[in-house]
Amino acid sequence: MPSPRLQVELPPWVDGFVDWQRHYPRLEDRMALVVELGHEQVRRATGGPFTAAVFERDSGVLVAVGVNMAVPAHNCVLHAEAVALMMAGARLHSHSLGVEGMPAHELVSSCEPCAMCLGATLWSGVARLVTGATKADAEAIGYDEGPVFPESYAYLEQRGVAVVRQVLRDQARTLFTEYRAAGGVIY
Ligand SMILES: [Zn+2]
């Protein structure tokens, strides 16, 4: 039996929902977009209650967005952060978002990343990670974030990735309560 072919595509509503021309100067503007994307993701039931985006850190230009698609795509690695990083790489035609001569990039995530996505954050070359809800918020509804330790963040920062946490946390964590209320699958 031949190996399956994979194609990663965001749910069709995403491109119509996102204002690609807008600039997002403040971190709160960037997180607000990510949280709005999350509300829409929950309303449309196109995956888990996690969303993310990649921006140019200094200008606030939006480069890519990602939503969690693990369950509908039958793909355990399609977490929102991983999808946003994949989409950014595809848009910029580069495996790394930290190549010499490129503007610095940042990953903005509705929640503190799981172990896999924290690893992907490092390999992606982003200069900054910005998060909304906390690991404890995700675990409180039954998600497992895996082996993420204070040392994991310290290591990231030692490697030059700045970390800003709990931006619009209260708004971001409402995604979990909405998702649970909608009867979404916790996996
Ligand atoms: Zn993840």
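Just so it is clear, the structure is predicted and the values come from calculations on it, not from any experiment. (Residues numbered from 1 in each chain as written. Predicted model: local features only at pLDDT ≥ 70, side-chain atom pairs only at ≥ 80, totals over all residues. Heavy atoms only, no water.)

Structural notes on the side chain of Glu 145
On the secondary structure map, Glu 145 appears in the loop between α6 (135-140) and α7 (150-158). Among buried Asp, Glu, Lys and Arg side chains, Glu 145 stands out as unpaired, with Lys 135 the closest opposite charge at 6.6 Å. Residue contacts for Glu 145: discarding those within four places in its chain leaves Cys 111, Glu 112, Pro 113, Cys 114, Ala 115, Lys 135, Ala 138 and Glu 139. (Helix = DSSP H or I, 4+ residues; strand = E, 2+ residues; numbered from the N terminus. Buried < 20%, exposed > 50% of the residue type's maximum accessible area, 1.4 Å probe, protein only. Lys, Arg positive; Asp, Glu negative; His and termini not counted. Salt bridge = Lys/Arg side-chain N within 4 Å of Asp/Glu carboxyl O. Contact = heavy atoms within 4.5 Å.)

Remarks on the state of the cysteines
Applying the stated rule across the entire model yields zero disulfides. In this structure Cys 111 is a free cysteine whose sulfur lies 9.4 Å from that of Cys 114, the closest cysteine sulfur available. (Disulfide = S-S within 2.5 Å.)

Considerations on helix α4 (residues 80-92)
Across its 13 residues, α4 extends 18 Å between first and last C-alpha, which sits within 8% of the 18 Å expected from 1.5 Å per residue. Residues Ala 80, Glu 81, Ala 82, Val 83, Ala 84, Leu 85, Ala 88 and Gly 89 constitute the buried set of α4. (Expected span 1.5 Å × (residues − 1).)

A closer look at the nonpolar core
Core analysis: the largest hydrophobic core is formed by 51 residues, its most contacted members being Val 54, Leu 62 and Leu 107. Take this core: its biggest share by element is seven residues, from helix α2 (residues 27-44). With near-sequence residues (within four places) excluded, Leu 62 lies in contact with Val 18, Asp 19, Trp 20, Tyr 24, Leu 33, Ala 53, Val 54 and Phe 55. (Core = buried A, V, L, I, M, F, W, Y, C linked by side-chain atoms within 4.5 Å.)

Comments concerning the sheet that holds strand β2 (residues 62-67)
Read across the open sheet, the five strands follow the order β2-β1-β3-β4-β5; overall the sheet is mixed. Whereas interior strands pair on both sides, the edge strands pair on one side only; in this sheet they are β2 and β5 (162-164). Looking at each pair of strands side by side, their axes are set apart by 15° on average, direction ignored. Running at roughly 150° to strand β1 (residues 51-56), α2 makes contact with β1, β2, β3 (105-111), β4 (128-133) and β5 of the sheet. Helix-sheet contacts for helix α8 (residues 169-181) involve β1, β3 and β4, and the interaxial angle to β4 is about 65°. (Pairing = 2+ DSSP bridges. Axes fitted to C-alpha atoms, helices over the stretch in contact; angles between N-to-C directions.)

Side note on the coordination of the zinc ion
Around the zinc ion, the donor atoms from the protein are His 79 (ND1), Cys 114 (SG) and Cys 117 (SG), and they sit 2.1 to 2.3 Å away. Look at Cys 114 and you get buried, because its relative accessible area is 9%. Note on Cys 117: relative accessible area 0%, which makes it buried. (Donors = N, O, S within 2.8 Å, 3.2 Å for Na, K, Ca; no water.)

Description of the pattern of salt bridges
By the definition in use, this model includes twelve salt bridges. For Arg 43, the salt bridge is made with Glu 40, and the minimal N-O distance between the two is 2.7 Å. Separated by three residues within a single helix, Arg 43 and Glu 40 lie in helix α2, roughly one turn from each other. One salt bridge in this structure joins Glu 40 and Arg 44, with 2.8 Å as the shortest N-O distance.

Focus: the packing of helix α5 (residues 115-124) against α7
Between α5 and α7, the shortest axis-to-axis distance is 11 Å and the interhelical angle comes to 5°. Taken together, the axes of α5 and α7 are roughly parallel relative to one another. Residues Leu 118, Thr 121 and Leu 122 of α5 form the contact with α7, whose own contacting residues are Ser 152, Tyr 153, Tyr 155 and Leu 156. (Parallel < 35°, antiparallel > 145°, perpendicular 65-115°, else oblique.)

Some details on the pairing of β1
Among the six residues of β1, five are classified as buried, and the element is accordingly described as predominantly covered. Looking at chain direction, β1 and β2 are connected through five bridges and run antiparallel. Each bridged residue has a counterpart across the sheet, and for Thr 51 the counterpart in β2 is Val 67. In this antiparallel pair of consecutive strands, β1 and β2, the connection spans five residues, and Gly 60 shows a positive phi of 80°.

A few points about the packing of α4 against α5
With their axes 9 Å apart at the nearest point, α4 and α5 run at an angle of 20° to one another. By the criterion of interaxial angle, the relationship of α4 to α5 is roughly parallel. The crossing of α4 and α5 is left-handed. Listed contacts from α5 to Glu 81, Ala 82 and Leu 85 of α4 are Cys 117, Ala 120, Thr 121 and Ser 124. Of the residues assigned to the contact of α4 with α5, the class counts are four nonpolar, two polar and one charged. (Left-handed = near helix turned anticlockwise from the far one by under 90°. Nonpolar A, V, L, I, M, F, W, Y, C, P; charged D, E, K, R; others polar.)

Shape descriptors only; they carry no functional weight alone.
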